[in-house]
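Each chain, written out:
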Amino acid sequence: MTVMGFDPHLSRVKACFQLLQAGTTQCRRDRHVENYSSGQQSVTGVTSVDDSNSYWRIRGKTATVCERGTPIRCGQPIRLTHVNTGRNLHSHHFTSPLSGNQEVSAFGEEGEGDYLDDWTVLCNGPYWVRDGEVRFKHSSTEVLLSVTGEQYGRPISGQKEVHGMAQPSQNNYWKAMEGIFMKPSELLKAEGHHTEL
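Quantities reported herein were computed from a predicted structural model and do not represent experimental measurements.

## Some words on the state of the cysteines
Applying the stated criterion to the full structure yields one disulfide. Linked covalently through their sulfurs, Cys74 and Cys123 form a disulfide whose S-S length is 1.9 Å. On the sign convention where negative is left-handed, the bridge of Cys74 and Cys123, at about -110° about the S-S bond, is left-handed. Of this pair, Cys74 sits in the loop between β4 (56-60) and β5 (77-82) while Cys123 is found in the loop between β8 (119-122) and β9 (135-138), placing the two residues 49 residues apart along the sequence.

The structure is reproduced here in structure tokens:
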């Protein structure tokens, strides 16, 4: 079992990964330069494995510092920071343009945004494990991070809308995929878990 852990360092990319929507849509979360009506940058889903714009870093919730390698507990709030831009996965009470669900965007500068960047990890067991499916529940508005298949036209043709949904479904499950992962801290080893990378 490999457990997901934090990377608190913004100046150096030490841990990054892609998230695959594990339901029927099967797309990776990406961040694109198009802006929503809210003025924030869009977050879209792509199917390409080798898209360098699809990598995210896990960080502690707003105003907390977490040591690299600290295991992420199920039910724990986190931030997901886009590697290329330093913007955080964000949501707020704006309607998404295609599905009419809640908008999910990329927000902040150099990893610093606000409390609307916090997401709670929902999973089975005590920790988020590398090969396990998880859901991300927005800590303030309680929507679940989702992709249901709606596709944009120009200039981002074929990219799918990432949004927040109020109800759980197969469209809210995610898996950590391609990336660089940190070994868990000594705390996890002391609890008797087997870890391999």
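On we go.
## As for the packing of aromatic side chains
Tallied over the full model, the rule gives one aromatic pair. Over the ring of Tyr173 we find Arg135, and its NZ or CZ is 3.9 Å from the ring centre.

## What to know about the pattern of salt bridges
Evaluation of the coordinates by the stated rule reveals three salt bridges. For Arg59, the salt bridge is made with Glu112, and the minimal N-O distance between the two is 3.1 Å. A residue pair is termed long-range when its members are at least 10 positions apart, and Arg59 in strand β4 and Glu112 in the loop between β7 (102-107) and β8 qualify at 53 residues. For Glu112, a relative accessible area of 46% translates into the label partly exposed. A single network of salt bridges, built from pairs that share partners, joins Arg59, Arg79 and Glu112.

## Topic: the environment of Ala63
With respect to the element layout, Ala63 can be found in the loop between β4 and β5. Separated by 50 residues in the primary sequence, Ala63 and Gly113 place their C-alpha atoms 9.9 Å from one another.

## What to know about the nonpolar core
Residues Ile78, Leu89, Trp128, Phe136 and Leu145 are the most contacted members of the largest nonpolar core, which totals 19 residues. Mapped by element, the contributors of at least two residues to this core are β4, β5, β7, β8, β10 (144-151) and β12 (174-180).

## Section: unusual backbone geometry
Positive phi values are uncommon outside glycine, yet Glu110 reaches one of about 50°. Along the polypeptide, Glu110 turns up in the loop between β7 and β8. Taking the relative accessible area as the measure of exposure, Glu110 reaches 67% and is therefore exposed. With phi around 70°, Glu142 is a residue other than glycine that occupies positive phi space. Within the secondary structure, Glu142 sits in the loop between β9 and β10.

## Things to note about the environment of Thr62
Looking at the secondary structure, you find Thr62 in the loop between β4 and β5. A residue is classified by how much of its surface remains accessible, and Thr62, at 24% relative accessible area, is partly exposed. Along the backbone, Thr62 and Gly113 are 51 residues apart, and their C-alpha atoms lie at a distance of 7.9 Å. Those residues in contact with Thr62 that sit more than four places away from it in its chain are Arg79, Asp114, Tyr115, Asp117 and Asp118. Reaching out from Thr62, the side chain makes a polar contact with the backbone oxygen of Asp114 at a distance of 3.1 Å.

## What about the environment of Val46?
On the secondary structure map, Val46 appears in strand β3 (residues 41-46). Along the sequence, Val46 and Gln159 sit 113 residues apart, while their C-alpha atoms lie 5.4 Å from each other.

## Some remarks on the side chain of Arg79
When you line up the elements, Arg79 lands in strand β5. In terms of polar contacts, Arg79 uses its side chain to reach the backbone carbonyl oxygen of Gly60, at 2.6 Å. When sequence neighbours within four positions are dropped, the list of residues in contact with Arg79 reads Arg57, Ile58, Arg59, Gly60, Lys61, Thr62, Thr64, Asn88, Gly111, Glu112, Asp117 and Asp118.

## Quick look at the confidence of the model for the chain
Of the residues in the chain, 68% reach a pLDDT of 70 or more, and the chain-wide mean stands at 76. Least confident of the elements in the chain is helix α1 (residues 186-190), whose mean pLDDT is 49; most confident is β9, at 97. Confidence drops under a pLDDT of 50 for residues 6-16, and excluding neighbours within four residues, the segment shows 49 contacts in the predicted structure. Taken as a whole, residues 193-197 scores under 50 in pLDDT and shows 14 contacts with residues more than four places along the chain or in a different chain.

Cut-offs applied
Residues numbered from 1 in each chain as written. Predicted model: local features only at pLDDT ≥ 70, side-chain atom pairs only at ≥ 80, totals over all residues. Heavy atoms only, no water. Disulfide = S-S within 2.5 Å. Helix = DSSP H or I, 4+ residues; strand = E, 2+ residues; numbered from the N terminus. Phe/Tyr/Trp six-rings, centres within 6.5 Å; stacked < 30°, edge-to-face > 60°. Lys NZ or Arg CZ within 6 Å of the ring centre and 35° of its normal. Salt bridge = Lys/Arg side-chain N within 4 Å of Asp/Glu carboxyl O. Buried < 20%, exposed > 50% of the residue type's maximum accessible area, 1.4 Å probe, protein only. Core = buried A, V, L, I, M, F, W, Y, C linked by side-chain atoms within 4.5 Å. Contact = heavy atoms within 4.5 Å. Polar contact = N/O pair within 3.5 Å; in protein donor to acceptor, adjacent residues only side chain to side chain. pLDDT = per-residue confidence, 0-100.

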